[in-house]
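Here is how the chains run, residue by residue.
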Amino acid sequence: MSEDPSVASAVASSTPALEARGLFRLRPQDGLQTPVLRDVSLRLQRGEFATLMGPSGSGKSTLLHLLAGLDRPSSGDVFVDGIDLSLGGEEARACIRRERIGFIFQFFHLLPDLTVEENVTLPLRIAGERPRKHQARTDSLLRLLGVEAHRRKLPSQLSGGEMQRVSIARALATQPPLLLADEPTGNLSSKAGEEVIALLREVCGKLGTAILLVTHNPRDAAAGDRILFLRDGALRPEAELRGGPFRVADVLHRLAELGI
């Protein structure tokens, strides 16, 4: 008997885009195993925009690497769109990253000899897809990110803000349920950074993509639906802010309470 499509849709929509359970990451130090992350658990639903803050050395980069399957936890589990990252080897995790996780970084990592459109469709070619087959999606992304007029240009012909917009479009090319953003405005002017954060909120609303954004910038963090705080390798659930976007003053007040 075939599955009722409405039931299948309901199940898919209830599956978190990202779920981490009890993550620990230990590193050797002075002959001992020292915890870099301690019992971290979090969940992101599709269409949810969460931001993560914490001081340098708090474990933010380590956590992102575990959530992306770039590193393996000492204990605990990570699920992306319901798939356990611990199953299979590196090739299996690489496949999950290609198909289900988009990445945005502080530096844009665009290939200088490819046009904007070629950079955006690169993940499709890596996945063995023909870009022409997905032309409508590519056109839609270029319009959504405001770079349609630049599709034939090389990265060197773009501003920093435009290059970051292209990198976001590239991250969304395979329609991943999850987007991980590591300090995406850190290399931009204040105005360009504000525009990028506004676009990420729009991506959440229009595409239903879950976004986890790591930032030191209270203005960027304030744009989230939730703000998570990481200190000494542990999330501080009692400090979490919910119901955003928030006032920057609210973020600064909470950081002061935490001594961050």
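The structure this text deals with has already been given above.
Residues numbered from 1 in each chain as written. Predicted model: local features only at pLDDT ≥ 70, side-chain atom pairs only at ≥ 80, totals over all residues. Heavy atoms only, no water.

A. Spatial organisation of the overall build of the chain. Each helix and strand in the chain was counted, giving 9 helices and 11 strands. A principal-axis box enclosing the C-alpha atoms of the chain has dimensions of 55 × 50 × 40 Å. Relative to its 260 residues, the chain shows a buried fraction of 49%. Considering only contacts within the chain whose residues lie at least 6 apart along the sequence, 69% involve residues at least 24 apart. (Helix = DSSP H or I, 4+ residues; strand = E, 2+ residues; numbered from the N terminus. Buried < 20%, exposed > 50% of the residue type's maximum accessible area, 1.4 Å probe, protein only. Contact = heavy atoms within 4.5 Å.)

B. Up close: the packing of aromatic side chains. Under the counting rule described, the total for this entry stands at 1 aromatic pair. Look at Phe103 and Phe105: their rings are 6.1 Å apart centre to centre, the planes differ by 5 degrees, and that puts the pair in the stacked class. Judged by relative accessible area, which is 22%, Phe103 ranks as partly exposed. Overall, the relative accessible area of 37% leaves Phe105 in the partly exposed class. (Phe/Tyr/Trp six-rings, centres within 6.5 Å; stacked < 30°, edge-to-face > 60°.)

C. The arrangement of the pattern of salt bridges in detail. Per the stated rule, a full pass over the model turns up 25 salt bridges. Residue Arg21 is joined to Glu19 by a salt bridge in which the shortest nitrogen-to-oxygen separation is 3.3 Å. The partly exposed category is assigned to Arg21, whose relative accessible area is 43%. Its salt-bridge partner being Glu117, residue Arg151 comes within 3.0 Å of it at the nearest N-O pair. Placement of the pair is Arg151 in the loop between helix 5 (135–144) and helix 6 (160–171) and Glu117 in helix 4 (residues 116–126), with a sequence separation of 34 residues. Take Arg151: its relative accessible area is 14%, and that puts it in the buried class. (Salt bridge = Lys/Arg side-chain N within 4 Å of Asp/Glu carboxyl O.)

D. Molecular detail of unusual backbone geometry. Going from Gly244 to Pro245, the amide bond is cis rather than trans, its omega being 10 degrees. Note that Pro245 resides in the loop between strand 11 (241–242) and helix 9 (248–258). Phi at Asp39 takes a positive value of approximately 50 degrees, unusual for a residue other than glycine. Of note, the phi angle at Asp81 is positive, near 55 degrees, even though the residue is not glycine. The buried category is assigned to Asp81, whose relative accessible area is 16%.

E. How the structure looks around the nonpolar core. Ranked by size, the top nonpolar core spans 31 residues in total, and within it Leu145, Leu200 and Ile211 carry the most contacts. Elements that contribute at least two residues to this core include exactly helix 4, helix 5, helix 6, strand 7 (178–182), helix 7 (190–207) and strand 8 (210–214). The element best represented in this core is helix 7, accounting for 7 residues. Ignoring any residue separated from it by four or fewer positions in sequence, one finds Leu145 in contact with Arg165, Ile168, Ala169, Leu172 and Leu199. In this structure, Ala17, Leu44, Leu178 and Ala210 belong to the second largest nonpolar core, which totals 28 residues. (Core = buried A, V, L, I, M, F, W, Y, C linked by side-chain atoms within 4.5 Å.)

F. Structural view of the environment of Thr51. Here Thr51 shows up in strand 3 (residues 49–53). Residue classification places Thr51 among the buried residues on the basis of a relative accessible area of 0%. Each C-alpha atom, one on Thr51 and one on Ala223, is 8.0 Å from the other, the two residues being 172 residues apart in sequence. When sequence neighbours within four positions are dropped, the list of residues in contact with Thr51 reads Leu213, Asp220, Ala221, Gly224, Arg226, Ile227 and Leu228. A polar side-chain atom of Thr51 sits 3.0 Å from the main-chain carbonyl oxygen of Ala221. (Polar contact = N/O pair within 3.5 Å; in protein donor to acceptor, adjacent residues only side chain to side chain.)

Read these as geometric descriptors, not functional statements.
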